[in-house]
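# Residue-level structure breakdown
So the chains spell out like this:
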Amino acid sequence: MALLVEISTDNRNRTASEIRSLVTKHGGSIATQNSVTRLFRRKGQVIVSRESSSEDLLMEVALEAGAEDFKAEPQGFEIITDPSSFETVHKAIEAKGIKAEAASITELPTVTVPLAGDPAVSAVNKLIDALEDHDDVKEVYSNAEFADEVAKT
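In this text, all values refer to a predicted model and were calculated from it rather than measured experimentally.

Scoring rules and cut-offs
Residues numbered from 1 in each chain as written. Predicted model: local features only at pLDDT ≥ 70, side-chain atom pairs only at ≥ 80, totals over all residues. Heavy atoms only, no water. Helix = DSSP H or I, 4+ residues; strand = E, 2+ residues; numbered from the N terminus. Buried < 20%, exposed > 50% of the residue type's maximum accessible area, 1.4 Å probe, protein only. Contact = heavy atoms within 4.5 Å. Areas by Shrake-Rupley, 256 points an atom, 1.4 Å probe, with all protein chains shown as cover. Core = buried A, V, L, I, M, F, W, Y, C linked by side-chain atoms within 4.5 Å. Pairing = 2+ DSSP bridges. Axes fitted to C-alpha atoms, helices over the stretch in contact; angles between N-to-C directions. Left-handed = near helix turned anticlockwise from the far one by under 90°. Nonpolar A, V, L, I, M, F, W, Y, C, P; charged D, E, K, R; others polar. Arc of directions from axis to C-beta.

## Looking at the overall build of the chain
Along its length, the chain carries 4 helices and 8 strands. Ordered by position from N to C terminus, the α and β elements of the chain give β-α-β-α-β-β-α-β-β-α-β-β. With the principal axes as the frame, the chain shows a C-alpha extent of 50 × 35 × 25 Å. Split into buried and exposed, the 153 residues of the chain put 37% on the buried side. For the chain, contacts bridging at least 24 residues in sequence account for 72% of all contacts bridging at least 6. As displayed, the chain has an accessible area near 9100 Å², and 47% of this comes from carbon and sulfur atoms.

This is how it looks when you write it as structure tokens:
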């Protein structure tokens, strides 16, 4: 399983030491800089609940505005865009009176790794929470696939 951590710091050595300590404490290891970026792709993502729109209308609006992909899930709809098309697609959806639950440019995993068993899920969640609590961490992206929930990002 891979984590991509986006960090903003004024002291690279201090932050690197603190992050390395956090990861090691939670049973992980640090790869070399940028070595897991190939497992993620930068995309625009819009999430819409099933109550906000019909599938046909939302798909038509999103694809006509330039969306790359449209996925219907039991809990709602996911629209994927190129980052350069994100704003156009998001505005087109809003112009139709459809409210998005979430909309952002994010890092989506190209390959996911299923986590089996409560100990593995618990360990990964503890590590992600610890990283997110660090002052210099802006975002934590994961390619973990949680069995009973949407992958935590």
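## Concerning the nonpolar core
One finds Leu3, Ile19, Leu115, Leu131, Val140 and Phe146 to be the most contacted residues of the largest nonpolar core, which totals 15 residues. Those elements that place two or more of their residues in this core are helix 1 (12-25), helix 4 (118-133), strand 7 (137-142) and strand 8 (144-146). Looking at which element gives the most residues to this core, the answer is helix 4, with 6 residues. Core analysis: the next-biggest nonpolar cluster, separate from the first, contains 14 residues, Val46, Leu58, Phe77 and Val89 among them.

## Some remarks on the sheet that holds strand 4 (residues 76-81)
Either a parallel or an antiparallel arrangement is found when strands of a sheet pair, and the pairing is made through backbone hydrogen bonds. One open sheet accounts for 4 strands, arranged 3-4-2-5; its pairing is antiparallel. One side of each edge strand has no neighbouring strand; the edge strands of this open sheet are strand 3 (69-73) and strand 5 (102-109). Along the sheet, successive strands turn relative to each other by an average axial angle of 30 degrees, direction set aside. In this sheet, strand 5 lies alongside strand 2 (residues 40-49) in antiparallel orientation, the contact comprising 8 bridges. In the sheet register, isoleucine 47 faces strand 5, and the bridge partner there is alanine 102.

## Focus: the packing of helix 2 (residues 55-65) against helix 3 (residues 86-95)
Here helix 2 crosses helix 3 at 145 degrees, and the two axes come no closer than 8 Å. Of the two elements, helix 2 crosses helix 3, and the hand of that crossing is right-handed. Residues Leu58, Val61, Ala62 and Ala65 of helix 2 pack against Thr88, Val89, Ala92 and Ile93 of helix 3. Looking at the contact of helix 2 with helix 3 residue by residue, the classes come out as 7 nonpolar, 1 polar and no charged.

## A look at helix 2
Along helix 2, the positions that sit buried rather than exposed are Leu58, Val61 and Ala62. Down the axis, helix 2 shows its buried residues gathered within 95 degrees of arc, on one side only. For helix 2, the exposed residues set more than 90 degrees away from the buried face come down to Asp56 and Glu64. Looking at the packing, one finds that the buried side of helix 2 touches strand 2, strand 3, strand 4 and helix 3. One or two positions beyond helix 2, positive phi appears at glycine 66, with a value near 115 degrees.

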